[in-house]
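A structural walkthrough
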Amino acid sequence: MNWIIISSKNRGTDYGVGTFIKQLSHGLAQFSDIKIYVLEIGTSASNEFNVTVKSKITYLEFPSIHKNLNTLTYQRRFARSIVRVTTPFLKKGQPNIVHLNYVFQYFIGEEFKKSIDCYLVFTQHLFLQQSAGVQALFDIESQTYSLVDRIITVTKHGKEHLINKQVDEKKIIPIYNGIDPHLFTIRNNGVNIRQKYGIDLNKRIVLYSGRIDPIKGLKYLTHSFSKLLMKLPDCCLVVAGNGDYEELIRCSRTFSSDINYLGFIPFDDLAALYQEASIGVIPSLEEHCSYVALEMLHSGLPVVASCLGGLKEIFNHNKNAFLVDVVFDQTNPFGIAPNVNQLTDYMFALLTDNQLRKKLSQNALIKAREEFSMDKMTFQYAAIATTIN
């Protein structure tokens with residue numbers, strides 16, 4: 001079996017989708033009868049095509065598409081080039097699975113379908129928010145659902161969303177994202193990680209990890225954290241991730257000395273912060289099977305998260321996390337926001353109750369290992385191969 005995973009340069013490759021591709025490819029590589037190819041589109045540091053083999057995975061790196069040529073005609077031409085270059089590397093006489101992860105990879109899937117005998121899988125990682133600027137993507141989204149043989153949603157919530165859009169239910173399988181629990185078993189020196197990033201040794205850490213983006217609800221977190229500081233001045237908010245910091249900085253000017261902006265940091269450092277933090281926060285306005293949520297779960301970090309989407313499937317309120325009610329809010333495109341006062345109350349409750357944090361931490365580790373491991377996810381994906389042999 002040849003399993004061809006399409007990865008495209010995107011901010012998601014540094015976060016959720018990139019983590020998913022890494023975890024799935026390494027998991028599938030454990031099967032002796034599956035040969036893994038990862039096509040990294042636009043991720044090459046040079047302007048040349050490169051091939052590398054690491055841990056039994058073949059990486060084919062294609063340079064970026066020139067922006068001025070990023071038209072429908074060029075997309076199809078570029079897709080043909082990708083397929084033409086990739087095909088000679090595939091093991092001959094084997095079934096082929098081509099695995100798409102973004103709707104704009106439709107043209108590559110279409111070209112593979114024309115050129116070789118293959119089975120198309122599409123993993124739905126996110127929902128598009130309709131606007132004039134993405135209307136073309138909505139058209140491609142509909143075409144993608146028709147083109148592919150199987151659609152994987154990363155939550156049951158995602159499956160319901162597609163069924164409501166009249167997508168063929170027989171094509172849809174929910175498979176939760178998973179992550180290798182061994183990534184979080186090595187204990188790091190908390191003093192060292194604090195010193196490395198200039199975090200006060202005497203302050204309790206409230207940790208946010210992920211993209212700096214309006215969809216992540218950081219505006220509401222800053223409002224809530226300012227209220228928390230009035231009750232617990234020995235706290236600091238640590239923000240790990242890159243993106244547009246402008247709104248975040250504007251909302252926190254009066255207490256900026258209590259926030260540590262780290263930018264994008266290596267995963268080992270992030271894992272150390274998960275272990276050193278007192279609590280984690282996920283105040284998102286939309287979320288599916290968030291890898292940040294899974295990383296916090298596998299770290300046993302008590303979490304306060306928005307009660308919506310896939311977060312309600314990952315976390316159980318007052319068992320392995322606290323879930324914050326969402327309220328109507330017309331100041332953002334989603335029309336909802338986490339309840340700021342409740343967010344503050346839940347952060348305060350966790351930070352001031354050691355036994356409560358311990359309970360949530362222990363239950364988080366149990367659920368992480370039972371439902372969200374890399375091995376479980378990988379076996380469910382590998383089972384797809386049995387349907388085409």
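Quick summary incoming for the structure in this document. Small disclaimer: the values here were computed from a predicted structure and weren't measured.

Description of the pattern of salt bridges
Tallied over the entire structure, the rule returns 9 salt bridges. D269 is the partner of K196 in a salt bridge, and the nearest nitrogen-oxygen pair spans 2.6 Å. Taken as a pair, K196 in helix 6 (residues 190–197) and D269 in helix 9 (residues 267–276) lie far apart in primary sequence, 73 residues in all. Between D345 and K231 there is a salt bridge; the shortest N-O distance is 3.4 Å. Taken together, the residues span a long stretch of sequence, with D345 in helix 12 (residues 340–351) and K231 in helix 7 (residues 218–231) at a distance of 114 residues.

Things to note about the pairing of strand 10 (residues 235–240)
Of all the 6 residues making up strand 10, 6 are buried; the element is thus mostly covered by neighbouring parts of the structure. Taking every second residue as pointing to the same face, both faces of strand 10 are buried, with C235, L237 and V239 on one and C236, V238 and A240 on the other. Bridge count between strand 9 (residues 204–209) and strand 10: 6 bridges; the pairing is parallel. Within strand 10, the residue paired with R204 across the bridge is C235. On the question of chirality, the crossover connecting strand 9 to the parallel strand 10 by way of helix 7 is right-handed.

Some thoughts on the packing of aromatic side chains
Under the definition given, this model contains 13 aromatic pairs. Centroid distance Y74 to F78: 6.1 Å. Interplanar angle 10°. Geometry classified as stacked. Highlighted residues: Y74 and F78, both in helix 2 (residues 72–86), separated by 4 residues, approximately one helical turn. F78 sits in the buried class, given a relative accessible area of 12%. Through a chain of ring-to-ring contacts, three or more aromatic side chains come together here, namely F49, F62 and F89. When the ring centre of Y37 is taken as origin, the NZ or CZ atom of K35, which lies over that ring, is 5.9 Å away.

Concerning the environment of S142
Structurally, S142 can be placed in helix 4 (residues 135–147). S142 sits 125 residues away from V17 along the chain, and the two C-alpha atoms are 21 Å apart.

Conventions adopted
Residues numbered from 1 in each chain as written. Predicted model: local features only at pLDDT ≥ 70, side-chain atom pairs only at ≥ 80, totals over all residues. Heavy atoms only, no water. Salt bridge = Lys/Arg side-chain N within 4 Å of Asp/Glu carboxyl O. Helix = DSSP H or I, 4+ residues; strand = E, 2+ residues; numbered from the N terminus. Buried < 20%, exposed > 50% of the residue type's maximum accessible area, 1.4 Å probe, protein only. Pairing = 2+ DSSP bridges. Right-handed = clockwise from strand over helix to strand, strands pointing away. Phe/Tyr/Trp six-rings, centres within 6.5 Å; stacked < 30°, edge-to-face > 60°. Lys NZ or Arg CZ within 6 Å of the ring centre and 35° of its normal.

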